Amino acid sequence: MNSEQKTPYRIQIVPGIWIVAGVLLLCAVRIAWEWANYPHDIKRLARELSSINVIQQPPVVNHAGTLIGVVHTTEQGVGVFTVNAETQVERKLAEVNDVDYVKPEFAHIFGWSPNDKFFAFSVNTNLHFLSDSGEESVCGIDLSNSIYPFGMQPFTWLSQKTCAYIDRNPKLVILQYTDGQWQETTSWLLPTTNGKPQSLQAVNTNMVAWQTDNTLWQINISSGAIAPIYSDPPNIIRHISYSKYKDAFLLVKNTNRLAASSLIVFKNETNGSVINELTLKSPVLDAQWIDKGKEYAYVSAEGDHTVLTIKRETGDLVNTFFAAGQVWNIFCDGENSSVYALAAKTNEPAGIWQCKAGSDDTSCIVSPWGNRDVEFHFQPALKGQAEYLQAGRHNATFDLVPPANFSRQKKYPLVIGTAGYEWTPIAHGVYAQCLANSGAYVALVNYRWNQNRPETVLNYTNNVLAVYNQLIRNPNIDRNRVFLFGFSTGTVVVGELVKDFPGRWRGIMLFNPTQLPEERNGMTMR
């Protein structure tokens, strides 16, 4: 008897389905890997960092210490503000959109008259005066030839209704408030044999002083007599501060290379000059009299940091601030023991801080975030040097910002930028922090150069290449993911690097470029 044995039914899977399933699995793995490595917080990072108020010019404070004058970035562009020192409430006086912001001379702030009656500032080369009642008047003076570049402010108040400024001719101009209007009353051409006039200071209502490269000058306004009162070539005078209470100048003086500097107290008396050199250990960048000449504040270079120190001319009173940070500018009215600093405690954006003699405490008067409550973790900016040989031995200096949430088991992309790690007046720190918090190493190579001199462009490209050659030896840097970014004229250097070494760079980022690299098939695409 024959019997049939039935086998259980089985789904017969053809080999093609296994192939399709494998491809789908590989795609899923790739998507998961890309998702894990994609910087998901990039929009939040960009939003938070772009909300920083980047201060564009040295701030000023009124004599009562209640208002701060500041020029900072806005969501639309750049604006001029007065800020209540207690509440941080701002009053916007003027603003220009990004697309119209073509000159750094858009705005300057010159401070308050001795009784805080008027606040002087310029907008689009027009001089403005804001009264304490809130009324604003535009002076009929065109400052298109009068505002110095790079934040220098050759302006001073002589009295409640008289002020002076120096234009680029250079000419000293006196303005006076008469019958409800500001008018030019007189002017003088100034000597130019010893450099450009800077740091205009009122000695009294009839006399002003200023500095050139290595000479201190003075003019009697009634007679128009101009005379040098101090000179010390070849040393360079970097800054001056005058105290009417002490009837003395505080001079910052150093050599061309800033290898050494000194702080000088100078008095111009009828029976002869009195010079007292204050002993300091570090190069001094800026100094101001405070507390009616009883104390002085100065900014000095201490290794990789710039530090604010307040000290009595005689005695042991010393207070030091921002030892682990940076100080860009100090300002005060000289009447009390407070000094204000445009500074940062570490490597975060600059804010305005109040520091007082006799205390190590600081208080933030104007935050870079304004009144917004933002918590942001700033990656450290580490100083580095890369040595290379090019007609001698050279060191390329750079700032390295490591990636957030670093792991030794991972490789990270590297972004090399042709800029320095700074927050004011141009916030290159925004790019560095945004990229580092997105998971990349960021190296900023800062080098003084002139795009019109080919040899300095070559030197800059050599500096970038030296940093590249050093950093790709880091086992945590993926040498197949190296990017370049340039800002403004720095894009010239990026263009040269792409032209000469196209295979080294995964991509480039250009901000406000002055030129674009040539397009090459298979190498560089736009």
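Note that this is a predicted model, so its numbers are computed, not measured.

Asks: Now, about the pairing of strand β2 (residues 67–73): what can you tell me, with residues and values included?
Replies: When you tally the buried positions in β2, you get six out of seven residues, the bulk of the element. Strand direction decides the pairing type here: strand β1 (residues 60–61) and β2, joined by two bridges, are antiparallel. Within the sheet, the bridge partner assigned to V60 lies in β2 and is G69. Hairpin connection between β1 and β2: a loop of five residues separates the two successive antiparallel strands, and G65 in this loop has a positive phi of roughly 75°. The turn linking β2 back onto strand β3 (residues 77–84) is made up of three residues.

Asks: Which residues make up helix α4 (residues 454–471), and what values go with them?
Replies: When the terminal C-alpha atoms of α4 are compared, their 26 Å separation across 18 residues agrees well with the 26 Å that a helix rising 1.5 Å per residue should span. All buried positions along α4 are accounted for by T456, V457, Y460, T461, N462, N463, V464, L465, A466, V467, Y468 and L471.

Asks: Before we move on, can you summarise the side chain of D291 with the specific residues and values?
Replies: Tracing the chain through its elements places D291 in the loop between β21 (284–290) and β22 (295–302). Buried and unpaired, D291 has no salt bridge, with K294 as the nearest side chain of opposite charge at 4.7 Å. Residues contacting D291, with those up to four places away along its chain left out, are G334, E335, N336 and S337.

Asks: Talk me through the pattern of salt bridges; I want residue IDs and the actual numbers.
Replies: Taken as a whole, this structure holds nine salt bridges when the rule is applied. Put simply, K253 and D232 hold a salt bridge, and the shortest N to O gap is 2.6 Å. Within this pair, whereas K253 is found in strand β18 (residues 248–254), its partner D232 is found in the loop between β16 (226–231) and β17 (236–243), the two being separated by 21 residues in sequence. A residue is classified by how much of its surface remains accessible, and K253, at 9% relative accessible area, is buried. For D232, a relative accessible area of 21% gives the class partly exposed.

Asks: Can you tell me about the packing of aromatic side chains, naming the residues and giving the values?
Replies: The tally for this structure, following the rule as stated, stands at 28 aromatic pairs. Their ring planes at 80° and their centres at 5.6 Å tell us that Y431 and F485 sit as a pair that is edge-to-face. You can see Y431 sitting in helix α3 (residues 428–437) and its partner F485 sitting in strand β33 (residues 477–487), a full 54 residues away along the chain. Side by side, Y431 and F485 carry an identical accessibility label, which is buried. By way of ring pairs, the aromatic residues F110, F118, F129, F155, W157, Y177 and W182 are connected into one cluster.

Asks: Break down the sheet that holds strand β12 (residues 181–189) for me, citing the residues and quoting the values.
Replies: Strand order in the open sheet formed by four strands is β9-β10-β11-β12, with antiparallel pairing between adjacent strands. What marks the edges here is a single partner per strand, and that holds for β9 (155–159) and β12. Ignoring strand direction, the axes of neighbouring strands in this sheet form an average angle of 25°. Taken together, the eight bridges between strand β11 (residues 171–178) and β12 define a ladder with antiparallel strand orientation. Within β12, the residue paired with L175 across the bridge is E184.

Asks: Hey, could you go over the pairing of β9 for me, with residue numbers and the actual values?
Replies: Buried residues dominate β9, accounting for five of its five residues. Looking at chain direction, β9 and strand β10 (residues 162–166) are connected through four bridges and run antiparallel. Across the sheet, the residue bridging to T156 is A164, located in β10. The loop that links β9 with its antiparallel partner β10 comprises two residues.

Asks: Which residues make up the sheet that holds strand β23 (residues 305–312), and what values do they have?
Replies: Pairing within the open sheet is antiparallel, and its four strands lie in the order β21-β22-β23-β24. Among the strands making up the open sheet, the edge pair consists of β21 and β24 (318–321). For this sheet the average axis-to-axis angle between neighbouring strands, irrespective of direction, equals 20°. Of the strand pairs in this sheet, β22 and β23 are connected by eight bridges, and their pairing is antiparallel. Within β23, the residue paired with A301 across the bridge is T306.

Asks: Residues and numbers for the packing of α4 against helix α5 (residues 490–500), please.
Replies: The N-to-C vectors of α4 and α5 enclose an angle of 70°; their axes lie 10 Å apart at closest approach. In terms of axis orientation, α4 runs roughly perpendicular to α5. Along this stretch, α4 crosses α5, giving a crossing that reads as right-handed. Of α5, the residues touching α4 (which contributes V457, Y460, T461, V464 and L465) are V492, V493, E496 and L497.

The rules behind the values
- All residue numbers refer to positions counted from 1 along the written sequence of the respective chain.
- Local features in this predicted model are restricted to residues whose pLDDT is 70 or higher, and side-chain atom pairs enter the listing and the counts only when it is 80 or higher, whereas totals over whole chains, interfaces and linings include all residues.
- To obtain the side-chain values, all non-hydrogen atoms of the structure were included, while hydrogens and water were left out.
- Only protein chains enter the accessibility calculation, which uses a 1.4 Å probe. A residue is then buried if its area is under 20% of the maximum for its type, exposed if over 50%, and partly exposed in between.
- Numbering of helices and strands starts at the N terminus; helices are DSSP runs of H or I of at least 4 residues and strands are runs of E of at least 2.
- At least two DSSP bridges between two strands are needed for those strands to be called paired.
- Between the first and last residue of a helix there are one fewer steps than residues, each counted as 1.5 Å, and that sum is the expected span.
- When charges are tallied, Lys and Arg are placed among the positive residues and Asp and Glu among the negative ones, while His and the ends of the chain are skipped.
- By definition, a salt bridge exists where a carboxyl oxygen of Asp or Glu is found within 4 Å of a side-chain nitrogen of Lys or Arg.
- Contact between two residues is taken to exist if any of their heavy atoms lie within 4.5 Å; hydrogens are not considered.
- For Phe, Tyr and Trp, where Trp contributes only its six-membered ring, two rings pair if their centres lie within 6.5 Å, and the inter-plane angle classes them as stacked under 30 degrees, edge-to-face over 60, or tilted in between.
- To get an axis, a line is fitted to the C-alpha atoms, and for a helix only the part in contact is used. The angle between two axes follows their N-to-C directions and goes from 0 to 180 degrees.
- Between 65 and 115 degrees an angle is taken as roughly perpendicular, under 35 as roughly parallel, over 145 as roughly antiparallel, and anywhere else as oblique.
- Less than a right angle of anticlockwise turn of the near helix away from the far helix marks a crossing as left-handed, whereas a clockwise turn marks it as right-handed.

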